[in-house]
Amino acid sequence: MKRNIVRKMALLLALVMMFTIPLSACNSGANSDAGNGETMSETAMPDTFVIGMRGEAGNLDPHDHGDNVAGITIKHIFETLVTRNNTTMEYEPLLAESWEQIDDTTVRFYLKQGVLFQNGEEMTADDVVFSLLRGSESTDLSFLYNIMDMSKLKAVDTYTVDIGTYENFWPLFDCLSHPGTSIMSQTALEAAGSAEAFGRAPKDAGTGPYVFEEWIAGDSIVLVRNENYHQEPARYQKLIIRNITDDTTRALSLESGDIDLCIDVAPAQVDRISESTIADIITAPGLNTNYIAFNTLKEPFNDTRVRQALRYAMNLEEIVEVAYGNNAIPADGVYPNHIPVYAECPEEYQYPYDVEKAKELLAEAGYPDGFSMSLWTNDNQTRIDLCEMLKNSWTAIGVDVSIEILEFGIELEKLSNGEHDAFIMGWSMTGTDGDFLWSPFNPDEGYAVNRTQYKDPEFVDVMTQARQSLDQEERLELYEQAQNILRRDLPWIPVSWDIKVYGLRSTLTNLDPAPDGMTRIYTIEPKSEVNETVSE
C-alpha cells in the first residue's frame, strides 16, 4: 500500500504556512488607503466587521441548513459541544469542558457551567438532549446523526450528558463539531412560532459570540455582539455578512474598502487583489472535492463504460487550470490528497486524456454515435465555465450536452426527485475520517442524499467493514479499496480539490481558515495591536 501519512501531514502543515501570503507585508507600520497617502481605518465601518460572500444563506436553522454561507453565519450565533483546531485538527472543548468514554459506544460529556443562551437562560444537559433529538429528524443532515443511538442520549444531571452510537464510530467528534449539531434554546425556538420563521430569524437562540439582529433579503445578514458570551466577547460590535454573488464585484468591494473579508476570491481576481495595498491574499488547503455526478439509474449512465468514456474525453489538467486557476488542483479521487485517508491513484485508474479510447468505450456500450444529455449547475460562474468546457470536450466524442443553470434551491429539489442526468457540485468533508464518504453513497438513502443512486455491493461491503473495524490501519486499507472502486466505477468524476482563497483587509491579521470553509472571524485582530505586543 502506497502511503506515507507522516509525509502527507508534513505537506499539509507546509501548505498552510506556505500559502499564507501577506501580500501587503511590505507595508511596515500604518497602511495607506489604496495608495493615496491616507491612513487606512482598521475596518470598513467603525466597530463593525463586514464579510462578502458568494450568495445568500438558504436559512439559519442549524438543523436544516445546507450551504456554507449559512454554515459560517450559524457558527457565529450557535455553538457545538466541541470544536476542531484548524491547525492541529485535534478536538477541543467548547460547550463541553471535558469528556470520557464510559463504554465502547458511549461518551459522557461534562458541560461548561454558567453558559447563557442569548435570551438569558442557562444552558443545561436538557438543552443538549433537545437539540440533538431535533437534529436527528433532519433529512439533509442525516450523515451527522445516523450513527447516533438516540435511545442512549440522556441527561445524567444538569451539566452531564451521555451520547451513544450504534457501534464504535471513529468520527463522532467530527459530527459533534459540525454546526448541524449546534445546541439551541428550546424556548427561543418556540418563541419564533414555526421552524420556517426560526430559520429566517433565530433570535436569542444560541450561545455564540454574536446574536441575530436582521436579515435583509438578497442583501445581508446583520449580527450584534453577545455581551454575555461565556468567553472573551467578540472584538467587533457588529458582524455583517453581505450577499455579493458576482466574483468581480466582491473583489472590487474588498479593493475599495467596502468589506473586510472576501470569501472565495475567484481565480481571475487573485492577481488584482495581490497588486493592491489594501488587502492580503490568504490560502489554505480545504476539504472540498468538486465533482461531476451521474444518475446511475438512468440510461446511458447506468453503464460504467459510458462514465469512463466521459472521463477519458476530459483533459482534466487543462480544464482545472482554466476553470480554477490557483484556487484548486486536479483531483484523482474523492478524498483530498493532503489528508491521511487518501490513497494514491493506481495507474489503471488515472484516465489520461484519450479521445479515441473514449469513443471505443462508447461503441462497446452501444453508443457509437454518442447520445444527448443534460448537465446541471447552479449560478456559480466557475461551475458554468466548467460546464462549457465539458460540453466542448464531450462533443468531440459525439455527446450532445444541454447545460441548465438552476437556482440552487430549485436544483436541490429537482435532484431530490431524481430528475437529473448529470450535475456539477462540491462535496465538503465534515472531518478527515474516511467514513464521511458513506453518506453520499449510502445505499439505503434516496436521491435527497445519494444523488447518484450508486449501490455497488463490493463498495458497500468494504465501507461497512471500515465502519465497524477498531483497527485504524485496517480501516485505512479498506478505505483505499473503496477509493479504487469509485475510481473504477466513476459514479462521480472527481474534478478538483479546493484551495480556500480569502482576501483580508491589510490592516488585519490572524484569520484562522477552517478546512471545511466554515471560518469564524473570532480570531481576527488588527496588525497594529499584534505588532505592539511583539515589540513589548
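What you see is a predicted model, and the numbers here were worked out from it, not measured in a lab.

A. Structural detail: the overall build of the protein. Along its length, the protein carries 17 helices and 20 strands. A globule of 536 residues ought to have a C-alpha radius of gyration of about 24 Å, and the protein, at 24 Å, matches this closely. Overall, the C-alpha framework of the protein stretches about 70 × 65 × 45 Å when taken along its three principal axes. Burial status across the protein gives 56% buried among its 536 residues. Restricting to contacts in the protein with at least 6 residues of sequence separation, those with at least 24 account for 71%.

B. Representation of the packing of helix α11 (residues 316-324) against helix α13 (residues 381-395) in the model. The interhelical angle for the contact between α11 and α13, taken along N-to-C directions, is 150°, at an axis separation of 9 Å. Judged by the inter-axis angle, α11 sits roughly antiparallel to α13. Once α11 is placed against α13, the crossing between them reads as right-handed. Across the interface between the two elements, Ile319, Val322, Ala323 and Tyr324 from α11 touch Thr382, Leu386, Met389, Leu390 and Ser393 from α13. Class assignment of the residues belonging to the contact of α11 with α13 gives a composition of 7 nonpolar, 2 polar and no charged.

C. Quick peek at the packing of aromatic side chains. For the coordinates displayed, the defined rule picks out 20 aromatic pairs. For the ring pair Phe294 and Phe301, a centre distance of 5.6 Å and an interplane angle of 20° mean the geometry is stacked. Here the aromatic cluster, defined as three or more aromatic residues joined through ring pairs, consists of Tyr291, Tyr335, Phe423, Trp427, Phe441, Tyr454, Phe459 and Trp492. When the ring centre of Tyr522 is taken as reference, the NZ or CZ atom of Arg520 above it lies at 5.3 Å.

D. Seen up close, helix α9 (residues 267-274). Among the residues of α9, Gln269, Val270 and Ile273 are the ones counted as buried. Each buried residue of α9 lies within a common arc of 120° when the element is viewed along its axis, so the set occupies one face. Facing away from the buried surface of α9 by more than 90 degrees, the exposed residues are Ala268 and Asp271. Packing partners of the buried residues in α9 comprise α8 (247-255), β13 (279-294) and β18 (492-505).

E. View of the packing of α8 against α9. For the pair α8 and α9, interaxial distance at closest approach is 10 Å and the crossing angle is 15°. In terms of their interaxial angle, α8 and α9 are classed as roughly parallel. For the pair α8 and α9, the sense of crossing is right-handed. Facing α8, whose interface residues are Asp247, Thr248, Ala251, Leu252, Leu254 and Glu255, α9 presents Gln269, Arg272 and Ile273.

F. Seen up close, the side chain of Asn295. Counting through the fold element by element, Asn295 comes out in the loop between β13 and α10 (304-312). On the basis of relative accessibility, which here comes to 0%, the residue Asn295 falls in the buried class. Discounting chain neighbours no more than four positions away, the residues touching Asn295 are Phe301, Gly418, His420, Asp421, Tyr447 and Thr452.

G. Main features of the sheet that holds strand β6 (residues 106-111). In space, the 4 strands of this open sheet follow the order β5-β6-β8-β7, with antiparallel pairing throughout. The sheet is open, and its two borders are formed by β5 (96-103) and β7 (154-157), each paired with just one other strand. Going across the sheet, the axis of each strand differs from the next one's by a mean of 25°, ignoring polarity.

H. Spotlight on the pattern of salt bridges. Tallying each qualifying case throughout the model produces 25 salt bridges. Note that Arg134 is salt-bridged to Asp61, the shortest N-O span being 2.7 Å. In this pair, Arg134 is assigned in helix α3 (residues 125-135) and Asp61 in the loop between β2 (48-53) and α2 (68-77), connecting sequence segments 73 residues apart. The exposure classification of Arg134 matches that of Asp61, with both residues buried. With its nearest N and O atoms 3.3 Å apart, the salt bridge here joins Asp421 to Lys298. You can see Asp421 sitting in the loop between α14 (408-416) and β17 (422-428) and its partner Lys298 sitting in the loop between β13 and α10, a full 123 residues away along the chain. Its relative accessible area of 16% is what places Asp421 among the buried residues. Here the salt bridges share partners, and the residues they tie into one network are Asp456, Glu458, Arg488 and Asp489.

I. Main features of the environment of Leu189. Turning to its location among the elements, Leu189 is positioned in helix α6 (residues 186-192). Separated by 128 residues in sequence, Leu189 and Asp61 have C-alpha atoms that sit 9.6 Å apart. Contact partners of Leu189, with chain neighbours within four places excluded, come to Phe130, Arg134, Met184 and Phe198.

J. Molecular detail of the environment of Arg235. With respect to the element layout, Arg235 can be found in the loop between β10 (220-225) and β11 (238-243). Judged by its relative accessible area of 31%, Arg235 falls in the partly exposed class. Along the sequence, Arg235 and Ser253 sit 18 residues apart, while their C-alpha atoms lie 22 Å from each other. Excluding residues that lie within four positions of it along the chain, Arg235 makes contacts with Glu42, Asp47, Arg225, Ile524, Glu525, Pro526 and Glu529.

K. Representation of α13. Along its 15 residues, α13 runs 21 Å from first to last C-alpha, staying within 8% of the 21 Å computed at 1.5 Å per residue. Listed in full, the buried residues belonging to α13 are Thr382, Arg383, Ile384, Leu386, Cys387, Met389, Leu390, Ser393 and Trp394. By the N-cap criterion, in which a side-chain oxygen at the helix start approaches the backbone nitrogen of a residue two or three places on, α13 is capped by Asn380, the distance to Thr382 being 3.0 Å.

L. Representation of the nonpolar core in the model. In terms of nonpolar packing, the biggest core is built from 62 residues, with Leu81, Phe109, Tyr335, Trp427, Leu437 and Phe459 touching the most fellow members. Residue contributions to this core peak at 6 residues, all from helix α16 (residues 472-489). Contacts of Phe109, omitting those with residues within four sequence positions, involve Leu81, Val82, Ala96, Ser98, Trp99, Tyr159, Thr160, Val161, Ile163, Phe173 and Leu176. One finds Ile292, Tyr312, Ala328 and Trp394 within the second-largest nonpolar core, a separate group that totals 39 residues.

M. The arrangement of the pairing of strand β16 (residues 399-406) in detail. Bridge count between strand β15 (residues 371-378) and β16: 8 bridges; the pairing is parallel. Within β16, the position partnered with Ser374 by the bridge is Ser402. This β-α-β element, β15 to α13 to β16, shows right-handed connectivity.

N. Quick look at unusual backbone geometry. Look at the link from Glu299 to Pro300: it is a cis peptide, with omega at 0°. Structurally, Pro300 is set in the loop between β13 and α10. Its identity as a non-glycine residue notwithstanding, Leu490 has a phi of 55°, on the positive side.

What counts as what
- Residues numbered from 1 in each chain as written.
- Predicted model: local features only at pLDDT ≥ 70, side-chain atom pairs only at ≥ 80, totals over all residues.
- Heavy atoms only, no water.
- Helix = DSSP H or I, 4+ residues; strand = E, 2+ residues; numbered from the N terminus.
- Rg over C-alpha atoms; globule rule 2.2 N^0.38 Å.
- Buried < 20%, exposed > 50% of the residue type's maximum accessible area, 1.4 Å probe, protein only.
- Contact = heavy atoms within 4.5 Å.
- Axes fitted to C-alpha atoms, helices over the stretch in contact; angles between N-to-C directions.
- Parallel < 35°, antiparallel > 145°, perpendicular 65-115°, else oblique.
- Left-handed = near helix turned anticlockwise from the far one by under 90°.
- Nonpolar A, V, L, I, M, F, W, Y, C, P; charged D, E, K, R; others polar.
- Phe/Tyr/Trp six-rings, centres within 6.5 Å; stacked < 30°, edge-to-face > 60°.
- Lys NZ or Arg CZ within 6 Å of the ring centre and 35° of its normal.
- Arc of directions from axis to C-beta.
- Pairing = 2+ DSSP bridges.
- Salt bridge = Lys/Arg side-chain N within 4 Å of Asp/Glu carboxyl O.
- Expected span 1.5 Å × (residues − 1).
- Polar contact = N/O pair within 3.5 Å; in protein donor to acceptor, adjacent residues only side chain to side chain.
- Core = buried A, V, L, I, M, F, W, Y, C linked by side-chain atoms within 4.5 Å.
- Right-handed = clockwise from strand over helix to strand, strands pointing away.

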